[in-house]
Amino acid sequence: MGSDVHQTDQSKLIQTVMEKLTAQNQTIAFATDFLTNFATDLIDREASFAGLFVAPTDDAKNAMFDIPYQILNANGSQSEKTTIWMARQAKAVLRTDYAIAVTRNSVQHTIWVAIVDHAGHERSCSIPFYRTQNVEDKVFNKAFELVQQSFEK
């Protein structure tokens, strides 16, 4: 039951953020290096959802987000710096007000979440995970928490 309550709280947070974006006539983009059910579900449901980029390889990140190979090689393709770059570029390419980017480093068991808000401010955080965990809900909840925090500034 506690899981259902937590899931409901997550859904409410996401719904609240998406409703606020829609009310303010603002849009949001997603960029990730792994396909998620969460992001694909938003495509059909939300008017403020502008698009989804999936870039699982260095070549894809270079081509889609213009991330130089020097950055990818020096920092890693699932690093904080790469994730922020993906969010920044997704926002620029789709001309959205907000962008969320998520990368998953299976070796270090870390997921990076980054957002860029309407003013260009960047926020990021890492979330640890274990191979047996489904952390998708936790990751996107954290992403929407970061977006909600940007509303308060």
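Our structure is the block above this text.
Note that this is a predicted model, so its numbers are computed, not measured.

Cut-offs used in this document
Starting from 1, residues in each chain are numbered consecutively following that chain's sequence as written. The predicted nature of this model means local features are confined to residues of pLDDT at least 70 and side-chain atom pairs, given and counted, to a pLDDT of 80 or more, with totals for whole chains, interfaces and linings taken over all residues. The side-chain quantities take in all heavy atoms of the structure and omit both hydrogens and water. Centre distance within 6.5 Å is the pairing criterion for rings of Phe, Tyr and Trp, where only the six-membered ring of Trp is used; planes under 30 degrees apart are then read as stacked, over 60 as edge-to-face, and the remainder as tilted. Strands are runs of DSSP state E lasting at least two residues, helices are runs of H or I lasting at least four, and both sets are numbered from the N terminus onward. A 1.4 Å probe rolled over the protein chains alone gives each residue an accessible area, and that area as a share of the maximum for its type sets the label: buried under 20%, exposed over 50%, partly exposed in between. Any Lys NZ or Arg CZ that is within 6 Å of a ring centre and within 35 degrees of that ring's normal is treated as a charge sitting over the ring. By definition, residues are in contact when any of their heavy atoms lie within 4.5 Å. Pairs of strands are assigned from DSSP output, requiring at least two bridges between the strands. Here the axes come from fitting lines to C-alpha atoms, over the contacting stretch only for helices, and the angles between their N-to-C directions go from 0 to 180 degrees. Summarising the geometry, the arc corresponds to the directions from the helix axis toward the C-beta atoms. Nonpolar cores were defined as sets of buried Ala, Val, Leu, Ile, Met, Phe, Trp, Tyr and Cys residues, with membership established by side-chain atoms within 4.5 Å.

Draft legend 1. Molecular detail of the packing of aromatic side chains. According to the stated counting rule, one finds 5 aromatic pairs in the structure shown. Ring centres 6.1 Å apart and planes at 45° place the aromatic pair Phe30 and Phe144 in the tilted group. With Phe30 in strand S1 (residues 28-32) and Phe144 in helix H6 (residues 136-151), the pair connects residues that are 114 residues apart, well separated along the chain. Each member of the pair, Phe30 as well as Phe144, carries the same accessibility label: buried. Grouped by ring-pair contacts, the aromatic residues Phe30, Phe49, Phe140 and Phe144 constitute a single cluster. For Arg88, the ring lying beneath its charged end belongs to Trp85, and the centroid distance is 5.7 Å. Taking the ring centre of Phe34 as reference, the NZ or CZ of Arg104 above it sits at 4.0 Å.

Draft legend 2. Structural detail: the environment of Cys125. Note that Cys125 resides in strand S5 (residues 122-128). For the pair Cys125 and Lys142, spaced 17 residues apart in sequence, the C-alpha separation works out to 8.5 Å. In this structure, Cys125 is in contact with Ile111, Trp112, Val113, Lys142 and Leu146, ignoring residues within four places of it in sequence.

Draft legend 3. Region of the structure containing the sheet that holds S1. Pairing in this open sheet of 5 strands is mixed, and the strands run S2-S1-S3-S4-S5 from one edge to the other. Where the open sheet ends on each side, the last strands, each with one partner, are strand S2 (49-54) and S5. Across the sheet, the axes of successive neighbouring strands diverge by a mean angle of 15°, strand direction being ignored. Pairing geometry for S1 and S2, over 5 bridges, is parallel. Within S2, the position partnered with Thr32 by the bridge is Val54. Seen against the sheet, helix H5 (residues 80-94) touches S1, S2, strand S3 (98-105), strand S4 (110-116) and S5 and runs at an angle of roughly 145° to S3.

Draft legend 4. Inspection of helix H3 (residues 58-65) at higher detail. Among the residues of H3, Ala60, Lys61 and Phe65 are the ones counted as buried. When H3 is viewed along its axis, its buried side chains cluster within an angular range of 100° and face the same direction. Of the residues in H3, the exposed ones pointing more than 90 degrees away from the buried face are Asp59 and Ala63. At its buried positions, H3 is contacted by S1, S2, helix H4 (69-75), H5 and S3. Where H3 terminates, the next one or two residues include Asp66, which has phi positive at roughly 55°.

Draft legend 5. Just the nonpolar core, in detail. Of all hydrophobic cores here, the largest spans 26 residues; its most connected members are Ile28, Ile100, Val113, Val139, Phe144 and Val147. Among the elements that line this core, the one with the most residues is H6, at 7 residues. Residue contacts for Val139: discarding those within four places in its chain leaves Val102, Ile111, Val113 and Ile127.

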